[in-house]
Each structure stands twice: as structure tokens, then as C-alpha cells.
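Residue-level listing of the chains:
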Amino acid sequence: QVQLVESGGGSVQAGGSLSLSCSASGETFTNYTMAWYRQAPGKQRELVADITSGGGSTNYADSVKGRFTISRDNAGNTMYLQMTNLKPEDTAVYYCNARTRVIFIITNYWGQGTQVTVSS
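Structure report, in brief. (Residues numbered from 1 in each chain as written. Predicted model: local features only at pLDDT ≥ 70, side-chain atom pairs only at ≥ 80, totals over all residues. Heavy atoms only, no water.)

**Observations regarding the overall build of the protein**
Step number 1: Each helix and strand in the protein was counted, giving zero helices and 11 strands.
Step number 2: For the protein, the C-alpha radius of gyration of 14 Å lies close to 14 Å, the compact-globule estimate for 120 residues.
Step number 3: Here the C-alpha coordinates of the protein stretch approximately 45 × 30 × 25 Å along the principal axes.
Step number 4: In the protein, 54% of the contacts between residues at least 6 apart in sequence involve partners at least 24 apart.
Step number 5: Surface accessibility of the protein: about 6,300 Å² in total, with carbon and sulfur atoms responsible for 47%.
Step number 6: Computing the positive centroid from 9 side-chain charges and the negative centroid from 8, the protein places the two 4 Å apart. (Helix = DSSP H or I, 4+ residues; strand = E, 2+ residues; numbered from the N terminus. Rg over C-alpha atoms; globule rule 2.2 N^0.38 Å. Contact = heavy atoms within 4.5 Å. Areas by Shrake-Rupley, 256 points an atom, 1.4 Å probe, with all protein chains shown as cover. Lys, Arg positive; Asp, Glu negative; His and termini not counted. Charge placed at Lys NZ, Arg CZ, Asp CG, Glu CD.)

**Here we look at the sheet that holds strand β7 (residues 68–73)**
Two modes of strand pairing occur in sheets, parallel and antiparallel, and in both the strands are linked by backbone hydrogen bonds.
Step number 1: Strand order in this open sheet of four strands is β1-β3-β8-β7, and the pairing throughout is antiparallel. With partners counted over all chains shown, the strands left at the sheet margins are β1 (2–7) and β7, one partner each. Taken over all neighbouring pairs, the strand axes of this sheet differ in orientation by 15° on average, direction set aside.
Step number 2: Strand direction decides the pairing type here: β7 and strand β8 (residues 78–83), joined by six bridges, are antiparallel. Within β8, the residue paired with S71 across the bridge is Y80. (Pairing = 2+ DSSP bridges. Axes fitted to C-alpha atoms, helices over the stretch in contact; angles between N-to-C directions.)

**As for the pairing of strand β5 (residues 46–51)**
Step number 1: Taken together, the five bridges between strand β4 (residues 33–39) and β5 define a ladder with antiparallel strand orientation. Within the sheet, the bridge partner assigned to Y37 lies in β5 and is L47.
Step number 2: Between β4 and β5, which pair antiparallel and follow one another directly, the connecting turn spans six residues, one of which, G42, has a positive phi of 75°.
Step number 3: Here β5 pairs with strand β6 (residues 58–60) via three bridges, running antiparallel. Note that in β6 the partner of A49 across the bridge is Y60.
Step number 4: In this antiparallel pair of consecutive strands, β5 and β6, the connection spans six residues, and G55 shows a positive phi of 85°.

**Re a nonpolar patch on the surface**
Step number 1: On the surface, V102, I103 and F104 cluster together into a nonpolar patch covering about 410 Å² of accessible area.
Step number 2: On the secondary structure map, F104 appears in the loop between β9 (92–102) and β10 (105–110).
Step number 3: The class for F104 is exposed, based on a relative accessible area of 78%. (Patch = residues over 30% accessible without salt bridge, like charges linked within 9 Å, V, L, I, M, F, W, Y side chains within 5 Å. Salt bridge = Lys/Arg side-chain N within 4 Å of Asp/Glu carboxyl O. Buried < 20%, exposed > 50% of the residue type's maximum accessible area, 1.4 Å probe, protein only.)

Structure, rendered in C-alpha cells:
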């Protein structure tokens, strides 16, 4: 298993920036594809961005492309999300996710979440 702890959330005005971190412990970090999800009040949890185990490939939701950057430091067992030009619609609880697949079995692990609030 892997344990995930997010940090870096907070409140910012529209147009501002925030950085989130996700620290992992337990199993080998490079066994996992990592991702950031978010959930706004009354809405379903949605994928924000993900990054492959080696960090060579990333994927972003259309709503954050060009504004958010996902990265990972495999030596430090940490994943990051750099968020710029934040908008009020980015307000949500942001969750760190670790995903691994063995043949057809996919296992997900989640952090506890960190609140991001963007005011207009």
C-alpha cells in the first residue's frame, strides 16, 4: 500500500497561483501512476491531471490546460501541482491519487484532500 498526504492548499484571489504537494510513503513510488483530482461542492470528483510513473507523460483536463502543471520527484517520493491564473471555478477539494494496475486489477489510493478556494 501507499500512503498519501497533500499539502499546500489555501485561499487566493482570481489570477493568483498556488502549489500543491503530495508526499507518498509505503510501497515504491515509481510503481504508481499519480494524479490530482478535485471535487467541488455538489459535483462529482474529476480528474485534473495525471503523470506516468517515470514522469514522461502527462495528461490534463481541458479546463486546466495551459494553467496547471503536474510533476513528480521520484527520488523524493513527491508529486506536485503548480496552479497559475486560478479562477473561481477552480475552487474545490484537491485529492492526490496513486493508481497501479496488475493485469486487469486497478488499485487506487487517495490522500485526505486539501482545500483550494479562489475568490473573484
